[in-house]
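A structural walkthrough
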Amino acid sequence: MKKGRRIAAVSAAVVLIAAGIVASLDYADKRFPPPLEAARQVSTEILDRDGQLLRAFSTGDGLWRLKTTADDVDPALVRMLVAYEDRRFESHSGVDPLALGRAAWQLVTNGQIVSGASTLSMQVARLIEPRRERSLTAKLIQIARALQIERRLSKREILDLYLTHAPYGGNLEGVRAASLAWFGKEPKRLTTAEAALLVALPQLPEKRRPDRFRDNALKARQRVLDRAGEAGVVEPGEVAQAVTAELPNLRRQLPAFAPHLAEAARRKAPQATRHQTTILRSVQERLEKLALETGRKLDPKVSLALLMADAKTGEIVAEVGAADYFNTSRSGWIDMTRAERSPGSALKPFIYGLAFEQGLVAQETIVEDRPADFYGYRPKNFDMQYQGDVSIRQALQLSLNVPAVRLLDAVGPARLMVRLRRADVTLKLPPSEAPGLAIALGGAGITLKDLVQLYAGLVNREQPVRLGDGIRDQAELIDDQPLFEPTAAWTVADVLGAVLPPTGSPPSGIAYKTGTSYGYRDAWSVGYDGRYVLGVWIGRPDNAAVPGISGYKTAAPVLFEAFAKSGLSGTPLPRAPAGAMRLAASDLPIGLRRFSTAGNGLASTSAREQPPHIIYPPEGSILELGKGPDGARLPVVMKMQAGRAPFRWLIDGKPFADITRRRTGEWHPAGTGQSTLTVLDADGRAASVSVFVRD
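Just so you know, the residues in each chain are numbered from 1, in the order the chain's sequence is written. Note on the predicted model: pLDDT of at least 70 is required for a residue's local features to be given, and 80 or more for side-chain atom pairs to be given and counted; whole-chain, interface and lining totals, by contrast, use all residues. Only hydrogens and water are set aside when side-chain values are computed; all heavy atoms of the structure are taken into account.

What about the environment of Gly468?
How we decide: Think of it this way: any DSSP run of H or I at least four residues long counts as a helix, any run of E at least two long counts as a strand, and we number them from the N terminus.
Along the polypeptide, Gly468 turns up in the loop between strand S10 (465-466) and strand S11 (476-477). A C-alpha to C-alpha distance of 7.6 Å links Gly468 and Glu315, two positions 153 residues apart in sequence.

Below, the structure written as structure tokens:
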């Protein structure tokens, strides 16, 4: 009886002691947790639209530590890693007793360490909490940390931490950073030799660097391959082939594309470790290379900027803020895509677009290019010469100054400013200064980004888009009003698309315009096809003059080369919409044959003093009704010129729309057959045409 009580007492004591030990260990575990939060500190990454790395920033302690998961690396590397470092990784709880026993026996029998016993969990514990001394105490702490880590994380999470923190020499940590530095690629797809090298390097990262200690690296890679072959994770034939593979002989720089955008993204959300942009890395890389090559041909203090956008989505696909970000003489750190500068003649297409839309001119309307005085403002052409009578088409293609000012005087600078706001662009004017005629020649400030956004409105005829700041999901539609009516936008593109490329540049199917600011400070060129818009700026960041530069000779060749080297397939310019056509001068209504101006810039007989004229549809035309994607009939676009607003349109004597001040309208025919279209102006003057409608 006494013996039974003694056994019960001892058992109770053992249970109590065991419970105390467990409680103490649990308390210690909670009181002194492993530093897992600090372990999650990684480099900030800037990614392109498809998730490719554009640029990385080092951690606070100067390390290139890119977050890496098992999904980011080749599965063959993971299999080799486990086979080489920790074969029972999936079954142990942080410590492998068999490996510990083997290592201890080898130490006793050989008098030295033959093989290690550290599991991947123990290595993670050492990596996230490094200790300088190598002692029994340090090893015991490492074992305890490994057990703690296993309690908190899954095997997959432990593996991810190793892949992120494994040392590769210098300031390289993690498999992704090492793969980019040694192979110039992400580790998603590796050769057997490459995977084996990445498994081998972390044991002695400095002494196995392939660019410095080639023999050490070869031997270490060989050991990994041999063990992987023995474990059956690599076929013998693959091992034999990998043994002969060359080692990398230099360490590459990590990607560093789109530096200005990368800095802006980090400032915008400093706590985030990943920023996805709308950039396409392949396009960005090509345009940065072009900018660097072009910069070498320019004056040492001259820089350049390029910005390319998808006009349909509003996404910026490439943005180069300087010829060389690290060049101090060019002030490369300044992002010239966001700097306000004078656009020169680059705004002229929008003056012409407004004039086309209002029915003031057609492509073959004659306009005077002669010296003129506009209330004291006397514009001169770039070459100080005058062409006399020219067509509107020629005036825009030759970028003549006086005709552009005549048209701006007719449409009104304030009206132009209001229209540009449809594309969410506001020109920068001097303080307390009202919009004036000098806008036609660059008398206002605008950024390259905003200029590209304006031209995107000529491509995306249905609705302007806001380009945003290049960060994902920032592009958006602005409102439901297009920048210009489709016929006006098409007419501008039709004119600009026929401008000859600069000497030596091949035709590329783009419409483009150039600009040179006053005093030779800025050279511009903006071009577009059916989808993409590309803008080029060249000048000095300090706004000093650059004698001899011009939009046509300096910026336009870069524009054409950039389009050719972008790697994007060209998209043809959109077809002419309903109502748009090229009319010969002899076919124009009499009121559209000449945009007559007097010497002081005022129309000798202003448009509103002339009676209205219907310029589309023309008299006697046969209109074939098209259908939209939904099967509904498309409207007939009506356009008139001259007359005094407001106007009322009539069909067969019946008014069909409200009174309007616009010189364009839409007519939805009720059926087919002959109809008479009439317009009345505010003075009661009328114009009529007879047309035939058929399906």
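Here's the deal with the side chain of Thr68
Quick reminder of the rule: Polar contacts, as counted here, are pairs of nitrogen or oxygen atoms within 3.5 Å of one another; within protein the pair requires one atom able to donate a hydrogen and one able to accept it, and residues that are adjacent in sequence qualify only if both atoms are side-chain atoms. Residues count as neighbours in contact if any of their non-hydrogen atoms are within 4.5 Å of one another.
Mapped onto the fold, Thr68 is located in the loop between strand S3 (64-65) and helix H3 (75-85). Of note is the side chain of Thr68, whose polar atom sits 2.9 Å from the backbone oxygen of Leu66. Sequence-distant contacts of Thr68, defined by excluding residues within four places in its chain, comprise Val73, Asp160, Leu163, Thr164, Val175 and Arg176.

Focus: the pairing of strand S23 (residues 686-694)
To be explicit about the condition: For two strands to be treated as a pair, DSSP must find at least two bridges joining them.
Bridge analysis of strand S17 (residues 622-624) against S23 gives three bridges, and the strand direction is parallel. By the bridge assignment, Ile622 is partnered in S23 with Phe692. Alignment of strand S22 (residues 673-680) against S23, held across eight bridges, turns out to be antiparallel. Along S23, the bridge assignment pairs Gly673 with Val693. Connecting S22 to the next strand, S23, in antiparallel fashion are five residues, including Gly684 with a positive phi near 85°.

What about the sheet that holds strand S8 (residues 366-369)?
The following threshold applies: Orientation is described by axes fitted as lines to C-alpha atoms, over the contacting stretch for helices, and by angles from 0 to 180 degrees between their N-to-C directions.
Strand order in the open sheet formed by three strands is S9-S8-S15, with mixed pairing between adjacent strands. Both outer strands of the open sheet, strand S9 (388-391) and strand S15 (594-595), are each paired with one neighbouring strand and no more. Of the strand pairs in this sheet, S8 and S15 are connected by two bridges, and their pairing is parallel. Looking at S15, one finds that Ile366 is bridged to Arg594. Where helix H16 (residues 401-411) meets the sheet, its contacts fall on S8 and S15, and the angle it forms with S8 comes to roughly 115°.

Details of helix H20 (residues 551-565)
Selection rule: Helix span, as expected, comes to 1.5 Å for every residue beyond the first. Residue exposure (1.4 Å probe, protein chains only): buried if accessible area is under 20% of the type maximum, exposed if over 50%, otherwise partly exposed.
Between the first and last C-alpha of H20 there are 20 Å, a value that for 15 residues agrees with the 21 Å anticipated at 1.5 Å per step. Of the positions making up H20, those classed as buried are Gly551, Thr554, Ala555, Ala556, Val558, Leu559, Phe560, Ala562 and Phe563. In this structure, the buried residues of H20 make contact with helix H13 (281-297), strand S6 (303-310), strand S12 (511-516), strand S13 (522-528) and strand S14 (532-539). Gly567 sits one or two positions beyond H20 and adopts a positive phi of about 85°.

Description of the sheet that holds S17
Taken in spatial order, the five strands line up as S17-S23-S22-S19-S20 in an open sheet, and their pairing is mixed. Of all the strands in the sheet, the pair left with one neighbour each is S17 and strand S20 (654-655).

Comments concerning helix H9 (residues 192-200)
Of all nine residues making up H9, nine are buried, and the element is well covered by its neighbours. Looking at the buried side of H9, the elements it contacts are H3, helix H8 (175-183), helix H10 (214-231) and helix H11 (236-243).

Brief notes about the packing of H10 against H11
A packed helix pair is summarised by two numbers, namely the angle formed by the two axes and the spacing between the axes. Keep this limit in mind: Roughly parallel means an angle under 35 degrees; roughly antiparallel, over 145; roughly perpendicular, 65 to 115; everything else is oblique. Three residue categories are used. Nonpolar comprises Ala, Val, Leu, Ile, Met, Phe, Trp, Tyr, Cys and Pro, charged comprises Asp, Glu, Lys and Arg, and polar comprises the others, including Gly.
Remark: H10 packs on H11, axes separated minimally by 10 Å, with the N-to-C direction vectors making an angle of 175°. Comparing their axes, H11 and H10 come out roughly antiparallel. Residues Arg221, Gln222, Leu225 and Gly229 of H10 pack against Val239, Ala242 and Val243 of H11. In terms of residue class, the contact of H10 with H11 is built from four nonpolar, two polar and one charged.

Describing the nonpolar core
As a reminder, the rule being used: We define a nonpolar core as any set of buried Ala, Val, Leu, Ile, Met, Phe, Trp, Tyr and Cys residues linked to one another through side-chain atoms lying within 4.5 Å.
Grouped together as the largest cluster of nonpolar side chains are 78 residues, with contacts concentrated most on Phe350, Ile439, Tyr455, Tyr528 and Val533. Those residues within four positions of Phe350 in sequence are excluded, and the remaining contacts are Leu416, Leu420, Leu454, Tyr455, Leu458, Leu483 and Phe484. With 56 residues, the next largest nonpolar core counts Leu53, Val82, Ala125 and Ala195 among its residues.

Concerning the packing of aromatic side chains
For the record, the criterion: Two aromatic rings from Phe, Tyr or Trp, using only the six-membered ring of Trp, form a pair when their centres are within 6.5 Å; if the ring planes differ by under 30 degrees the pair is stacked, by over 60 it is edge-to-face, and anything between is tilted. Think of it as a cone above the ring: NZ of Lys or CZ of Arg counts as a charge over the ring if it is within 6 Å of the ring centre and within 35 degrees of the ring normal.
Tallied over the full model, the rule gives five aromatic pairs. Here the aromatic rings of Phe350 and Tyr455 are separated by 5.0 Å at their centres, their planes lie at 80°, and the arrangement is edge-to-face. With Phe350 in helix H14 (residues 348-357) and Tyr455 in helix H18 (residues 448-459), the pair connects residues that are 105 residues apart, well separated along the chain. Look at Phe350 and you get buried, because its relative accessible area is 0%. On the accessibility criterion, Tyr455 (0% relative accessible area) is buried. Judged by centre distance (6.2 Å) and plane angle (55°), the ring pair of Tyr455 and Tyr528 falls under tilted. With Tyr455 in helix H18 and Tyr528 in strand S13, this residue pair connects regions lying 73 residues apart in the sequence. Each residue in the set Phe350, Tyr455, Phe484 and Tyr528 is aromatic and connected to the rest through ring pairs, giving one cluster. In this arrangement the basic side chain of Arg266 is found over the ring face of Phe57, its NZ or CZ atom lying 3.8 Å from the centre.

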